[in-house]
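Examining the three-dimensional arrangement
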Amino acid sequence: MMKKLMVCGTLASIATLTGCLGSDDDNDTASAVQKDVAIQFAGEVNGQPFSCADTYAGLGTNNSSAVLTDFRLYLNNVNLIDAEGNKHPVTLKNDGAWQTDEVVLLDFETGDGSCTSGTAATNMLVSGTVAEGDYTGIEFNVGVPGQTNHQDSTAAPSPLNISGLFWRWQSGYKHARIDLKLDTPYDYTDSSGAAKTGTSWFLHLGSTDCSGDPTLGETVTCGNPNRPTITLNDFNIEANKVIVDYGKLIATTNLSTPT
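Remember, it's a predicted structure, so these values are computed and weren't measured experimentally. (Residues numbered from 1 in each chain as written. Predicted model: local features only at pLDDT ≥ 70, side-chain atom pairs only at ≥ 80, totals over all residues. Heavy atoms only, no water.)

Some remarks on the overall build of the chain
Along the backbone of the chain there are 2 helices and 18 strands. The buried share of the chain, reckoned over its 259 residues, is 45%. Counted over contacts in the chain with a minimum sequence separation of 6, partners at least 24 positions apart contribute 71%. In the form shown here, the chain has an accessible surface area of approximately 12100 Å², with 48% of it arising from carbon and sulfur atoms. (Helix = DSSP H or I, 4+ residues; strand = E, 2+ residues; numbered from the N terminus. Buried < 20%, exposed > 50% of the residue type's maximum accessible area, 1.4 Å probe, protein only. Contact = heavy atoms within 4.5 Å. Areas by Shrake-Rupley, 256 points an atom, 1.4 Å probe, with all protein chains shown as cover.)

Below is the structure:
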């Protein structure tokens, strides 16, 4: 049996998702015996395994058909939850590739087929250590944490040095990037009033309404951090995977409009 992460609603709602457990204080686990954990993730589209080789039908409110061209997202602040609702932080293992001690990059695309802007390497695992105990749930934030989000990505360690996951003009990261190309083009009018035809549709989640220039040493503050918290109950890290289902995410969205 797999535990599925159902991210539903409009694209705007992804930034306002909250956990479903009470806000119990974290246990003091600094001196507790630690154990290794490996939390598995997978990408799906309407219940079907994600592949850069497949076309997916029935997407959005107008039942669009499309291929996905990218499927990547950052995670941070991972906690396991015990039966009493207490949260126990997972200390991430800095592996020099997919994880620092603050953030993890999940990469479901394989760099082939429709995903030519990506890479062949994938990562569907969060690894770290946590206090010994029995856990019944998991919680994490989508995105790059605030203290790390605004920096020079060309000097950052992997996985924070990927140009396709960074807005250069904002000096901030795309917390999630999931893109697609529609089978059927749509017509629209751009901001200048010109008639256009498009096939691309992008989900780029990042912090907005930001002020301060990090390149000048200024502190950046953002009115909309846009780092949703995801909480899953009845989750067994030994037996379950967290399923990120893109089809569920855009179920109430019309994809025949530009983004």
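What to know about the state of the cysteines
Counted under the stated rule, the structure contains 2 disulfides. The disulfide partner of C52 is C115, and the S-S distance across this bridge is 2.1 Å. Taking the torsion about the sulfur-sulfur bond, which here is approximately -100°, the covalent link between C52 and C115 counts as left-handed. Taken together, the residues C52 in the loop between strand 3 (48-49) and strand 4 (56-59) and C115 in the loop between strand 8 (103-107) and strand 9 (125-131) connect sequence positions 63 residues apart. The burial state of C52 is the same as that of C115; both residues are buried. Here C210 engages in a disulfide with C222; their sulfurs sit 2.0 Å apart. Residues C210 and C222 are joined by a disulfide whose S-S torsion is about 105°; by sign, that bridge is right-handed. Residue C210 is located in strand 15 (residues 208-211), and its partner C222 is located in strand 16 (residues 221-224); the two are separated by 12 residues in the primary sequence. Residue classification places C222 among the partly exposed residues on the basis of a relative accessible area of 22%. Look at the chain and number its bonded cysteines as they come in the sequence; the links are 1-2, 3-4. (Disulfide = S-S within 2.5 Å.)

Comments concerning the pattern of salt bridges
One pass over the structure, following the stated rule, counts 5 salt bridges. Here D70 ties to R72 by a salt bridge, and the two come within 2.8 Å at their closest N and O atoms. Residue D70 pairs with R177 through a salt bridge whose shortest N-O separation is 3.3 Å. Of this pair, D70 sits in strand 5 (residues 64-81) while R177 is found in strand 13 (residues 176-189), placing the two residues 107 residues apart along the sequence. Like D70, the residue R177 is buried in the burial classification. (Salt bridge = Lys/Arg side-chain N within 4 Å of Asp/Glu carboxyl O.)

Digging into the nonpolar core
One finds F41 and Y246 to be the most contacted residues of the largest nonpolar core, which totals 46 residues. Counting residues per element, this core draws most heavily on strand 5, which supplies 7 residues. Grouped together as the second largest cluster of nonpolar side chains are 10 residues, Y74, V103, V144 and F166 included. (Core = buried A, V, L, I, M, F, W, Y, C linked by side-chain atoms within 4.5 Å.)

Brief notes about the confidence of the model for the chain
Per-residue confidence for the chain averages 88 on the pLDDT scale, and 87% of its residues sit at or above 70. Ignoring residues within four places in sequence, the model shows residues 1-27, a span with pLDDT below 50, making 71 contacts including any to other chains. (pLDDT = per-residue confidence, 0-100.)

Topic: the environment of G118
Along the chain, the position of G118 falls in the loop between strand 8 and strand 9. Of the residues examined, G118 reaches a relative accessible area of 19% and is grouped as buried. For the pair G118 and D70, spaced 48 residues apart in sequence, the C-alpha to C-alpha distance is 6.9 Å. Setting aside anything within four residues of it in sequence, one finds G118 in contact with E109 and G111.

Describing the pairing of strand 8
The element strand 8 is extensively covered by neighbouring structure, given that 5 of its 5 residues are classed as buried. Burial of strand 8 is two-sided: the residues V103, L105 and D107 facing one way and the residues V104 and L106 facing the other way are all buried. Summarising the sheet, strand 5 and strand 8 pair through 5 bridges and their orientation is antiparallel. Paired with L73 across the two strands is L106, which belongs to strand 8. (Pairing = 2+ DSSP bridges.)

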